[in-house]
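# Analysis of the macromolecular model
This is what each chain is made of:
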Amino acid sequence: MRARGTSRVAVISGAAGASALLLLALTSAAEADVVDFLYIESNVGTSSGGHVALRVGEEVFHYQHEDEGLLVLARDDWSRFRTTYNDRDNRNIHVARLPFSPADVERVRDRFVHLYLVQHGHLDFLEALDRDAALLTSVESGHAPALARVGLFRAGASAEFDSLHTRIAEQRGPHYLSQEGRALEARIRSLDHGVPDVGPWHVDPERHAPYPDTFEGHYRNLASQWVALQVLKGAWSLHPQALLDGAGDDVRAGLKPGERERLRELARALEASSVSLLGSARIDAGGALLLALARLAAVQRSLMQNRLLLLNPWYGLDFPELPASPETAVLPLAEANLRQQFAAARREYFALDEADEASLNVLENAAARLDAVRHEVRTGRRRAYPAERMVPSAAGPVGGAIPLIASPRPLADRRVGFAEQQHRVFRDKMKAVYGYHLIRRNCATELVRALSSALPTDRDQERLLGGNVDPVADLAFIPFLLYEKLARRLAPDRRFMLPSYRNRALAAFSARGNPLWIRLAEATTATSALYEPRPGDTRFLFFTEDWPWLRPLLGSLNLGYGLLNAGGGVVTAAFDKGERVSEGLRGVLFSLPELAFFNIRKGSFESRRLPVP
């Protein structure tokens, strides 16, 4: 961000923040029983042709084209969905509020939840088959497999679990940990390396499938439990780099008396949870136990040091570094924004009536974002951090302490080959049912089919949707046309738009009576104080969304700017691996529709730059 625009950034952020608060208030009050059909305008990146979704109360269901060529039903929180598409991706969202009764809303919700759970059951098994093949390859080659959450710990003595150790001895006996450790080692050595034959199985989009637990799932659970026992014995301890101090360098930011008492309650709850997970038959008990122990260690250290220490959900993960940019004036503003978010999450967590790990995870993620931007302010180096919330899951090798017996080479090769074959067979079965197709099966066609299936009779569809919609015959496979077909059947007061982040900020300028030159300055990326060019947005000069009648002229200038950058990228290709050439050519591609009065590209914003709402 240009230094000369810093004050204007603050004005825009304040105005956008106020409008975001008002927008959230208007779109969240008394809306537990609404069904909104959403059309999300196009932009560079995913869904560049536009997107559709269905809001049901405070949840949003929508189909996404993901890896393996599959169309996957996503289920998101409304506020997170709106922040992603409306703010971060800077897209207008058009809303058609369907005339559904509370009973109709419940029926639609039940239908979409059913489809979501069934599909994700199939997807989980597909991923499990892939992990089976990877684990077999690792074991048969003699490499120690890495397991999630093991990386939160390291070898080394620890006294943080003395209280829990005593509790286990009282409830399970003084020799429980040693006996359970030997039993786990025996079970791991005797694990069946077999992979199920998926040939006879049928992927049914309407029915839950009773898929068996896999070799990888059993090994991951048992090995994770074994590591947890080493932690409890005091042989392993929490890795210090897995912790975050949300207060940073502020030596005055100690724990308040109420916070200390809440942390003691959390420690007791985590101890009880850990005891119940020991020896549990749950297939995920090992990973859950490691997470509980890591959080317990963080709580104990917080009480000892009188500072709020939290697990870092990003520890152990590698995020791509963003290209160097001289426009770093926005970083202090982002840090101030994230400091407010962390303070709000801290107050909310400690105001809860009961200790809650889900709310604790919100606090962990807020601390991670604040720590990341602090590092960027210090170093000037920026990374592409995730927008979604994450659970601490740093992977680490178990090592040779729990040997898995490798098979003779011919048998090992056959096992690995068979595992990879079963993954391919099941993936093809999934693609036959859920495979993406540009016209016959995309985000629009499947959403309207799922919605229609929740309204089984023609009378219901006529009453609630204005009639049946054939997504292919009616050209409703195009997201915008599908939305228009449904929206024009509704009264005008049931249709409205949620302006994008940038459009809300520009509207706030106009409401405050700012001069025209500010709007002109915001029309180009070269002088904008609101927008900072981001990787993936392509190289462009003008925002053509604001000037529809000038769009061909501005689009031609954008096209020339893209060509100029691509040409310059030939010189810098040896240093940036052709990134500038690629961004320039993509800039040319997204400039072509502007020559015909169509706008796709709108720019995007980093999550940490957005206002607190």
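What this report covers is the structure whose coordinates are included nearby. (Residues numbered from 1 in each chain as written. Predicted model: local features only at pLDDT ≥ 70, side-chain atom pairs only at ≥ 80, totals over all residues. Heavy atoms only, no water.)

With that settled, the discussion passes to the overall build of the protein chain. Looking only at helices and strands, one finds 18 helices and 12 strands in the protein chain. Here the protein chain holds 613 residues, and 50% of them are scored as buried. The contacts of the protein chain with a sequence gap of at least 6 include a subset with a gap of at least 24, amounting to 78%. Counting only carbon and sulfur atoms, one obtains 56% of the accessible surface of the protein chain, whose full area is about 27700 Å². (Helix = DSSP H or I, 4+ residues; strand = E, 2+ residues; numbered from the N terminus. Buried < 20%, exposed > 50% of the residue type's maximum accessible area, 1.4 Å probe, protein only. Contact = heavy atoms within 4.5 Å. Areas by Shrake-Rupley, 256 points an atom, 1.4 Å probe, with all protein chains shown as cover.)

Okay, helix 2 (residues 78-88) next. Inspection of helix 2 places W78, F81, R82, Y85, N86 and D87 among the buried residues, and these make up the whole buried set. Of the residues flanking the end of helix 2, it is N90, one or two places downstream, whose phi is positive at about 60 degrees.

Phi is positive for R149, close to 75 degrees, though the residue is something other than glycine. Inspection of the secondary structure assignment puts R149 in the loop between strand 6 (146-148) and strand 7 (153-155). For R149, a relative accessible area of 17% translates into the label buried. Even without being glycine, F597 reaches a positive phi, approximately 75 degrees. Looking at the secondary structure, you find F597 in the segment after helix 18 (579-595).

Turning our attention to the packing of aromatic side chains. This model, assessed by the stated rule, comprises 18 aromatic pairs. Plain terms: the ring middles of F81 and Y85 are 4.6 Å apart, the flat faces sit at 40 degrees to each other, and that makes the pair tilted. Here Y85 and F81 lie together in helix 2, a separation of four residues that amounts to about one turn. Like Y85, F81 is buried. Ring pairing ties together the aromatic residues Y501, Y531, F540, F543 and F605, which thus form one cluster. The cationic tip of R172 hangs over the ring face of Y176; the distance from NZ or CZ to the ring centre is 5.2 Å. Above the ring of F543, the side-chain terminus of R502 is found at 3.9 Å from the ring centroid. (Phe/Tyr/Trp six-rings, centres within 6.5 Å; stacked < 30°, edge-to-face > 60°. Lys NZ or Arg CZ within 6 Å of the ring centre and 35° of its normal.)

A separate point is the environment of E58. Relative to the assigned elements, E58 resides in the loop between strand 2 (51-56) and strand 3 (59-66). Separated by 24 residues in sequence, E58 and V34 have C-alpha atoms that sit 8.6 Å apart. A distance of 3.1 Å separates a polar atom in the side chain of E58 from a polar atom in the side chain of R55. (Polar contact = N/O pair within 3.5 Å; in protein donor to acceptor, adjacent residues only side chain to side chain.)

Bridge analysis of strand 3 against strand 4 (residues 70-77) gives eight bridges, and the strand direction is antiparallel. Bridging across to strand 4, Q64 finds its partner in V72. Counting the residues in the hairpin turn of strand 3 and strand 4 gives three residues, including E68, whose phi is positive at 70 degrees. (Pairing = 2+ DSSP bridges.)

Counting residues in hydrophobic clusters, the biggest one holds 91 residues, and the most contacted among them are F153, L232, L238, L293 and F426. The residues contacting L293, other than those within four sequence positions of it, are F153, F161, L164, A228, V231, L232 and S274. Judged by nonpolar contacts, the second largest core, of 36 residues, contains Y39, V56, Y63 and L98. (Core = buried A, V, L, I, M, F, W, Y, C linked by side-chain atoms within 4.5 Å.)

In this section: the environment of L506. You can see L506 is positioned in helix 15 (residues 501-511). Linking L506 and I518, residues 12 residues apart in sequence, is a C-alpha distance of 9.1 Å. Residues in contact with L506, not counting those within four places in the same chain, are R519, E522 and D546.

Here the focus is helix 17 (residues 551-576). Taking 1.5 Å per residue, 26 residues should reach 38 Å; helix 17 reaches only 31 Å between its end C-alpha atoms and comes up short. The axis of helix 17 is deflected most strongly, by about 60 degrees, at V570. Listed as buried for helix 17 are R551, L554, G555, N558, L559, G562, N565, A566 and G569. Among the structural elements, helix 18 are those in contact with the buried residues of helix 17. Downstream of helix 17 by one or two residues, K577 has phi in the positive range, about 60 degrees. (Expected span 1.5 Å × (residues − 1). Bend = angle between axes of the 7 residues up to and from the residue.)

Our focus in this paragraph is the pattern of salt bridges. Per the stated rule, a full pass over the model turns up 31 salt bridges. The salt bridge involving R55 is made with E58; its shortest N-O contact spans 3.1 Å. The residue R82 makes a salt bridge to D87 at a minimum N-O spacing of 3.3 Å. In terms of burial, R82 and D87 fall into one category: buried. A single network of salt bridges, built from pairs that share partners, joins D36, R55, E58 and R97. (Salt bridge = Lys/Arg side-chain N within 4 Å of Asp/Glu carboxyl O.)

The subject of this paragraph is the side chain of E335. With respect to the helices, strands and loops of the structure, E335 is situated in helix 9 (residues 330-350). According to the relative accessible area criterion, E335 is buried, its value standing at 15%. Apart from residues no more than four positions distant in its own chain, E335 is found in contact with L370, V373, R374 and V377.

Along the chain, the position of E216 falls in helix 6 (residues 215-232). Judged by its relative accessible area of 8%, E216 is buried.

Next up on the list: a nonpolar patch on the surface. Residues Y436, L438, I439 and V472 make up a contiguous nonpolar surface patch of about 320 Å² in total accessible area. Within the fold, L438 resides in the loop between helix 11 (409-434) and helix 12 (443-453). (Patch = residues over 30% accessible without salt bridge, like charges linked within 9 Å, V, L, I, M, F, W, Y side chains within 5 Å.)

A few words on the sheet that holds strand 2. Strand order in the open sheet formed by six strands is 4-3-2-1-5-12, with antiparallel pairing between adjacent strands. The outermost strands of the open sheet, each flanked by one partner alone, are strand 4 and strand 12 (495-498). Mean inter-strand twist for the sheet, computed between neighbouring axes without regard to direction, equals 25 degrees. In the sheet, strand 1 (residues 35-40) pairs with strand 2 via six bridges, with the strands oriented antiparallel. Looking across to strand 2, one finds that I40 is bridged to H51. Taken strand by strand, helix 14 (residues 479-487) contacts strand 1, strand 2, strand 5 (93-97) and strand 12, and its axis lies near 145 degrees from that of strand 1. (Axes fitted to C-alpha atoms, helices over the stretch in contact; angles between N-to-C directions.)

Moving on: the packing of helix 6 against helix 8 (residues 285-305). For the pair helix 6 and helix 8, interaxial distance at closest approach is 7 Å and the crossing angle is 30 degrees. With respect to each other, helix 6 and helix 8 are oriented roughly parallel. The handedness of the crossing between helix 6 and helix 8 is left-handed. Counted together, N221, S224, Q225, V227, A228, V231 and L232 of helix 6 and A285, G286, G287, L289, L290 and L293 of helix 8 form the full contact between these two elements. A class-by-class count of the residues in the contact of helix 6 with helix 8 yields eight nonpolar, five polar and no charged. (Parallel < 35°, antiparallel > 145°, perpendicular 65-115°, else oblique. Left-handed = near helix turned anticlockwise from the far one by under 90°. Nonpolar A, V, L, I, M, F, W, Y, C, P; charged D, E, K, R; others polar.)

That is the geometry; function is a separate question.
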